[in-house]
Amino acid sequence: MRLDRFLFIVALAMLAMPAIVGGDGALFPFIGPKVRYAYAVTALVVTGVAWLAWRRPAFRLPSSPLLWALGVQAVIVLVSTAAAVDPSRAWWGTVERMMGASTLLAFSAWAVAAACLVRTRARWDALALATVVSVVLVTPIGCWAVGMPSFRFSGAYGNPSYVAEAQVLLIAVSALLAWRRRVALVGVAVGLFVLGMAGTRGAMVGLGVGAAVALFIGRPSAWFALWGAVPVAAVAAFIGQNFDSLGFRWNLWRHAWRAIWQYPILGWGPDSFGLLFASTLQLGQMAIDRYDQAHNVLIDTGATTGLRGLLAHVAVWVGFSLTLRLAYRRGALARAEAAMLAGAGVAIETSRLVLFDHPTGALSVAILFALTMSAGRGFSPAPERTRRCQPV
């Protein structure tokens, strides 16, 4: 087996991360084993790809707006970690979320390494198909390992919000696989069903907004009818829900905005929102445990990595959009495919305006970025298979 093929299989093994279960005493279970697994896979893939790219320049990823933006973001995260109020916490994160700098950098590194390995359209399709299969299979695995939910489904993910964001990616990538009609239909159906079981309103609204963006960019076609039912389902699921949590979030955002200006340049450090909230309200350890995330990715990023980190976060999504446009202009992606990926990005980022970041969500974004960066450089023609010469 060729080295690049072996590394690609190892990279696909990252998609199994959400299925790993095992209590580690955290408030939201199963986070620790997942992240440790992600560290191991990332270390193996990045090391192998670095050696492969050094020996074979064809596997080096050309510069793209998204790649540059991820590089700038990595530098800012490292600087914010070094200058954090609690550098150890900023690097490793909390046991409840584990979204410290080490986790953020690991998933970004995996996305870049995976993009280096995806040089042909066949591998791009394989990555998309593996994403659909892995997310679909995590649901029965979670039911088997954790049991059926009595209220909101969390399964092997450990939290309904984690489940919901994975389903958003599942629906978008399933619609990409129009050439596999049955796979696309099953993926969209499973995604909508599990999203309803999770009952996460932020993800439902994000899915509706992302679907609208995809339809606007892609110019509706027959397969975009798959997305047509999504906004309707999202609105239907959203109506009648309890809106008390909005007051809780508004309280978080109000105090977080004040705390941002205490360390406006470098921030408090990645995954340190609990520290700043406790300092602002003087509630002690209770606040650190209860309010460990801002439930808004923009406010949380600005508070933990400073205004520079917030600008870098925005730059990453701008780079994502420009790289998608580049992939479309180079003919690597059809207009409908680029629209689906754009819609997925909008859906995930919109849902995070009322949710929080987490390792399984970071994996969803990493998959999206890997698909985008690999398509942005264009695909190499598939190698032709040759038969050995037979003796005369």
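Nothing here was measured: the structure is a model prediction, and the numbers come from that model.

K.L.:
How do you make sense of the side chain of Ser102 when you look at a structure like this?
P.N.:
Inspection of the secondary structure assignment puts Ser102 in helix α5 (residues 101–117). Reaching out from Ser102, the side chain makes a polar contact with the backbone oxygen of Trp91 at a distance of 2.8 Å. Setting aside anything within four residues of it in sequence, one finds Ser102 in contact with Tyr39, Trp91 and Trp92.

K.L.:
Explanation requested: the packing of aromatic side chains in the structure shown.
P.N.:
Here a ring pair, both rings aromatic, is described through the centre-centre distance and the interplanar angle of the planes. Within this structure, the stated rule accounts for seven aromatic pairs. For the ring pair Tyr263 and Trp268, a centre distance of 4.9 Å and an interplane angle of 80 degrees mean the geometry is edge-to-face. Exposure remark for Trp268: the relative accessible area of 4% places this residue in the buried category. Here the aromatic cluster, defined as three or more aromatic residues joined through ring pairs, consists of Tyr39, Trp91 and Trp92. Positioned above the aromatic ring of Phe8 is the side chain of Arg123, whose terminal nitrogen or guanidinium carbon lies 5.2 Å from the ring centre.

K.L.:
Mind showing me how you'd approach a nonpolar patch on the surface here?
P.N.:
Taken together, the side chains of Leu298, Val314, Val318, Leu322 and Leu353 present a nonpolar region at the surface, about 360 Å² in accessible area. Within the secondary structure, Leu298 is located in helix α14 (residues 297–329).

K.L.:
Honestly, helix α8 (residues 181–198) in this entry has me stumped. Any pointers?
P.N.:
Two residues of an α-helix separated by three or four positions point the same way, owing to the 3.6 residues in each turn. The end-to-end C-alpha separation of α8 is 26 Å, in line with the 26 Å expected for 18 residues at 1.5 Å each. Buried within α8 we find Ala184, Gly187, Val188, Gly191, Val194, Leu195, Met197 and Ala198.

K.L.:
Is there a simple way to explain the confidence of the model for the protein in this structure?
P.N.:
Reading predicted coordinates in detail is not appropriate for stretches of low pLDDT. Considering every residue of the protein, the mean pLDDT works out to 81; 80% of them sit at 70 or more. For the protein, the element scoring lowest by mean pLDDT is helix α13 (residues 285–290), at 46; helix α3 (residues 65–82) scores highest, at 96. Contacts for the low-pLDDT stretch residues 24–28, under 50 throughout, to residues beyond four places or in other chains number 14 contacts. Low pLDDT, under 50, characterises residues 384–392; the predicted model gives this stretch zero contacts beyond four residues in sequence or across chains.

K.L.:
Mind showing me how you'd approach the pattern of salt bridges here?
P.N.:
Pairing of side chains with opposite charge becomes possible as their charged atoms draw close. Considering all chains together, one arrives at six salt bridges under this definition. One salt bridge connects Arg2 with Asp4, and the closest N-O pair in it is separated by 3.1 Å. A relative accessible area of 44% means that Arg2 is categorised as partly exposed. A cluster of three or more residues bridged by salt bridges with shared partners is formed by Arg2, Asp4, Arg56 and Arg123.

Calculation rules
Residues numbered from 1 in each chain as written. Predicted model: local features only at pLDDT ≥ 70, side-chain atom pairs only at ≥ 80, totals over all residues. Heavy atoms only, no water. Helix = DSSP H or I, 4+ residues; strand = E, 2+ residues; numbered from the N terminus. Polar contact = N/O pair within 3.5 Å; in protein donor to acceptor, adjacent residues only side chain to side chain. Contact = heavy atoms within 4.5 Å. Phe/Tyr/Trp six-rings, centres within 6.5 Å; stacked < 30°, edge-to-face > 60°. Buried < 20%, exposed > 50% of the residue type's maximum accessible area, 1.4 Å probe, protein only. Lys NZ or Arg CZ within 6 Å of the ring centre and 35° of its normal. Patch = residues over 30% accessible without salt bridge, like charges linked within 9 Å, V, L, I, M, F, W, Y side chains within 5 Å. Areas by Shrake-Rupley, 256 points an atom, 1.4 Å probe, with all protein chains shown as cover. Salt bridge = Lys/Arg side-chain N within 4 Å of Asp/Glu carboxyl O. Expected span 1.5 Å × (residues − 1). pLDDT = per-residue confidence, 0-100.

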